[in-house]
Amino acid sequence: MTKKSPSASPEFTVRDFFARFPTEEACLEHIMAVRFGGTLMDCPSCGAEGQFHKLRDRRVYACPHCLFQIAPTANTILHDTRTPLVSWFYAMYLFCTTRHGVSGKELQRQLGVTYKTAWRIGQQIRALTTKANSFEALLSGHVELDEAYVGGRTSGGKRGRGAPNKTIVMGLVSRDGQMAAEVIPDVKKDTLRKVVLDKVAPGSTVSTDELYSYNLLTGDGYQHGAVKHGKKEYAFYDYKTGVNHHVNSVEGFWRLFKASIRSTHVAISPKYMQRYLDEFTFRANHRDRVNGMFDLLVGAL
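Residues numbered from 1 in each chain as written. Predicted model: local features only at pLDDT ≥ 70, side-chain atom pairs only at ≥ 80, totals over all residues. Heavy atoms only, no water.

(A) Expanded view of the pattern of salt bridges. Applying the stated criterion across every chain, the model contains 9 salt bridges. Between R126 and E279 there is a salt bridge, and its shortest N-O distance comes to 2.8 Å. Of this pair, R126 sits in helix α5 (residues 115–132) while E279 sits in helix α8 (residues 273–285); the two residues are 153 residues apart in sequence, bridging distant segments of the chain. Judged by its relative accessible area of 0%, E279 falls in the buried class. Across the pair D198 and K194 runs a salt bridge, and its minimum N-O distance is 2.9 Å. (Salt bridge = Lys/Arg side-chain N within 4 Å of Asp/Glu carboxyl O. Helix = DSSP H or I, 4+ residues; strand = E, 2+ residues; numbered from the N terminus. Buried < 20%, exposed > 50% of the residue type's maximum accessible area, 1.4 Å probe, protein only.)

Structure representation (structure tokens):
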């Protein structure tokens, strides 16, 4: 009977993680496998096939014939890092297994590093999620759109649309599973139209709320239905097309995102908001495969 490897676990527990990456060498070997296909290869310098061997005390592999060297971490966020690779990998693991995100203070406690180092590691991993989350295909089928306003509370100020000192974000969720989110400067028609045309396939069914700017969608070839939240309407069935219109999925994402900011991050600077959106959409798009999510991050190095 073949023994099941730790990496085959669909849940990828902490025990699985440390069984798979117990040492610096194990992490480096995995990066070598992801970036170069392993240590058995044709040398880029002499062309001979051989088993590259790791040099002692260096993050470098050398050709057995001509001693040409390959540094697996070169031109990645791990280049010249003094933080152990096991710590970097564990931080990526935490980002994949959490639901509400990982704060800089939590990374500081878990990794035993300074807050400055922990904050930098967190931001670098969020940048990785941006690369790993990119997909060429446009959202299609039935897509929900909704914008949200993210930011600190203002005493006595207006809430929702038009609230001051808020970052405006737009979410797009395909009922097939994929989603995207983007920081936008305003909710004017031209702004929303550009996001939709860039991310949603023509001819798709689109559900929104009653914001006037969304009225452009029918003219652009989308099958558009709007729920009227102002009239306490949260879903309606279009008997002509057989489509149930609502924006509950994307609104659920915004509830999780805002709750996570309040409970985990306290506040997010508008400067870095897109990175946090990419982090959360990355997890949403790959939530059924935590192990695969981790490997996607390593592959994005």
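Still more to cover.
(B) Geometry of the packing of aromatic side chains. Taken as a whole and assessed by the stated rule, the structure comprises 19 aromatic pairs. Centre to centre, the rings of F12 and F17 are 6.3 Å apart; their planes meet at 55 degrees, and the pair counts as tilted. Judged by its relative accessible area of 1%, F12 is buried. Ring geometry for F253 versus F257: centroids 6.2 Å apart, planes at 15 degrees, classification stacked. Here the residue F253 and the residue F257 both occupy positions in helix α7 (residues 248–265), the gap between them amounting to 4 residues, near one helical turn. A single burial state applies to F253 and to F257, both of which are buried. In this structure an aromatic cluster arises from ring pairing among F12, F17, F18, F21, F89, Y90, Y93 and F294. Above the plane of the ring of F280 lies R283, whose end atom (NZ or CZ) is 4.7 Å from the centre. (Phe/Tyr/Trp six-rings, centres within 6.5 Å; stacked < 30°, edge-to-face > 60°. Lys NZ or Arg CZ within 6 Å of the ring centre and 35° of its normal.)

(C) Structural view of the layout of surface pockets. What the second largest pocket holds in volume is close to 380 Å³. Looking at side-chain class alone, the lining of the second largest pocket contains 9 nonpolar, 5 polar and 3 charged residues. (1 Å grid on protein atoms, 1.4 Å probe; cavity = no way out; pocket = protein on both sides within 12 Å on 5 of 7 lines; lining within 4 Å. Points joined across faces, edges and corners; volume = space filled by probe spheres on them. Nonpolar A, V, L, I, M, F, W, Y, C, P; charged D, E, K, R; others polar.)

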